[in-house]
Amino acid sequence: MNVDIHHSWKNLLEDEFKKPYFESLVNFVKQEYKTHTCYPPGKQIFSAFNHCNFDHVKVVVIGQDPYHGPGQANGLCFSVNDGIAHPPSLINIFKEVAYDMGVSYPNSGNLERWADQGVLLLNATLTVRAHQAGSHQKKGWEVFTDKVIQIINSEKENIVFLLWGGFAKQKAKLISQHKHQIFTSGHPSPLSANRGYWFGNKHFSKVNQYLSNKGITSIEW
């Protein structure tokens, strides 16, 4: 596994790549991709960082695991490739965007268009074995992605963190609420959304209002 990551991140994470846990993580991932079908494709493992370089980060969305079905995962949390049916969580995200922002429901579930505007779509675990949710958890990815959150927290200010669901909310302890803005809600999965914990959170307009107040260009959701 080549750590194919934008130079703006590479400079900040260089020391992390040399740590023993990361070396054993790389060995694990290489072996998994060699012996099993895994997602996303190897070249897209670090897509979140390559579509949203460090200097451009405005918003951070934290997911848990890549999608584990064929052709879905593309290295950005909640995102799927063009032409792929939208998974239930993504459907609910788009419904909330449409309701909140007064825009049409989009055809494509590919969120590269968000990432290119400064939305870091970060899964806590960056790889997964096909059809086995959580199969690459607790192998070192979480240590790495927690470090990414800590670096953003310490090196930047006025970042909006969107923490959806119990897992993402646990990351709040890594974030200074004096320097940054955190919005939390239930997860957009049907289980949570249909109980009233997602719809109506208006996170997308709230993000833009916050950015606008800070003199930062808002996001075209």
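As the structure is a computational prediction, the values presented were derived from the model and not from experiment.

**Remarks on the pairing of strand 5 (residues 160-164)**
Taking burial as the measure, the 5 residues of strand 5 include 5 buried ones, the bulk of the element. Sheet topology places strand 5 next to strand 6 (residues 181-185); 5 bridges connect them, and they run parallel. If you follow F161 over to strand 6, its bridge partner there is I182.

**Here we look at the side chain of T145**
Tracing the sequence through the fold places T145 in helix 6 (residues 141-155). We classify T145 as buried; its relative accessible area is 1%. Beyond its immediate sequence surroundings of up to four residues, T145 is in contact with L122, N123, A124 and L126.

**Looking at the layout of surface pockets**
In this model, the largest pocket occupies a volume close to 400 Å³. Considering the residues around the largest pocket, the lining is formed by 27 residues, among which G63, Q64, D65, P66 and N123 are closest to the centre. Secondary structure elements with two or more residues in the lining of the largest pocket: strand 2 (59-63) and helix 7 (165-169). A total of 3 residues in the lining of the largest pocket trace back to one element, the largest contributor, which is helix 7.

**With respect to helix 1 (residues 7-17)**
Looking only at helix 1, the buried set comprises S8, W9, L13, E16 and F17. Viewed end-on, helix 1 has its buried residues packed into an arc of 125°, placing them on one side of the element. Facing away from the buried surface of helix 1 by more than 90 degrees, the exposed residues are H7, N11 and D15. Along its buried surface, helix 1 packs onto helix 2 (20-35), helix 3 (47-51), strand 3 (119-123) and helix 6.

**Considerations on the packing of helix 2 against helix 6**
Contact geometry of helix 2 with helix 6 gives a least axis separation of 9 Å together with a crossing angle of 125°. Between helix 2 and helix 6, the angle falls in the class oblique. The hand of the helix 2/helix 6 crossing is left-handed. The segment helix 2 lies against helix 6, with Y21, F22, L25 and V29 engaging W141, V143 and F144. Here the residues of the contact of helix 2 with helix 6 sort into 7 nonpolar, no polar and no charged.

**Thoughts on the sheet that holds strand 5**
The strand order across the open sheet formed by 4 strands is 3-2-5-6, and the pairing between neighbours is parallel. Only two strands of the sheet have a single partner each, and these edge strands are strand 3 and strand 6. The sheet shows a mean angle of 20° between the axes of neighbouring strands, direction not considered. In this sheet, strand 5 lies alongside strand 2 in parallel orientation, the contact comprising 3 bridges. The residue bridging V61 from the neighbouring strand is L162, located in strand 5.

**A look at the side chain of E16**
Along the chain, E16 turns up in helix 1. In this structure E16 touches Y21, F22, F144 and K147, once residues within four positions along its chain are discounted.

**Some thoughts on the environment of E32**
Examined against the element boundaries, E32 turns out to sit in helix 2. On the basis of relative accessible area, E32 is assigned to the buried category, the value being 7%. In the structure, E32 is positioned 64 residues away from E96 in sequence and 36 Å away in space, judged by C-alpha atoms. Ignoring sequence-local partners within four residues, the contact set of E32 consists of C38, R129 and H136. A distance of 2.8 Å separates a polar atom in the side chain of E32 from a polar atom in the side chain of R129.

Cut-offs applied
Residues numbered from 1 in each chain as written. Predicted model: local features only at pLDDT ≥ 70, side-chain atom pairs only at ≥ 80, totals over all residues. Heavy atoms only, no water. Buried < 20%, exposed > 50% of the residue type's maximum accessible area, 1.4 Å probe, protein only. Helix = DSSP H or I, 4+ residues; strand = E, 2+ residues; numbered from the N terminus. Pairing = 2+ DSSP bridges. Contact = heavy atoms within 4.5 Å. 1 Å grid on protein atoms, 1.4 Å probe; cavity = no way out; pocket = protein on both sides within 12 Å on 5 of 7 lines; lining within 4 Å. Points joined across faces, edges and corners; volume = space filled by probe spheres on them. Arc of directions from axis to C-beta. Axes fitted to C-alpha atoms, helices over the stretch in contact; angles between N-to-C directions. Parallel < 35°, antiparallel > 145°, perpendicular 65-115°, else oblique. Left-handed = near helix turned anticlockwise from the far one by under 90°. Nonpolar A, V, L, I, M, F, W, Y, C, P; charged D, E, K, R; others polar. Polar contact = N/O pair within 3.5 Å; in protein donor to acceptor, adjacent residues only side chain to side chain.

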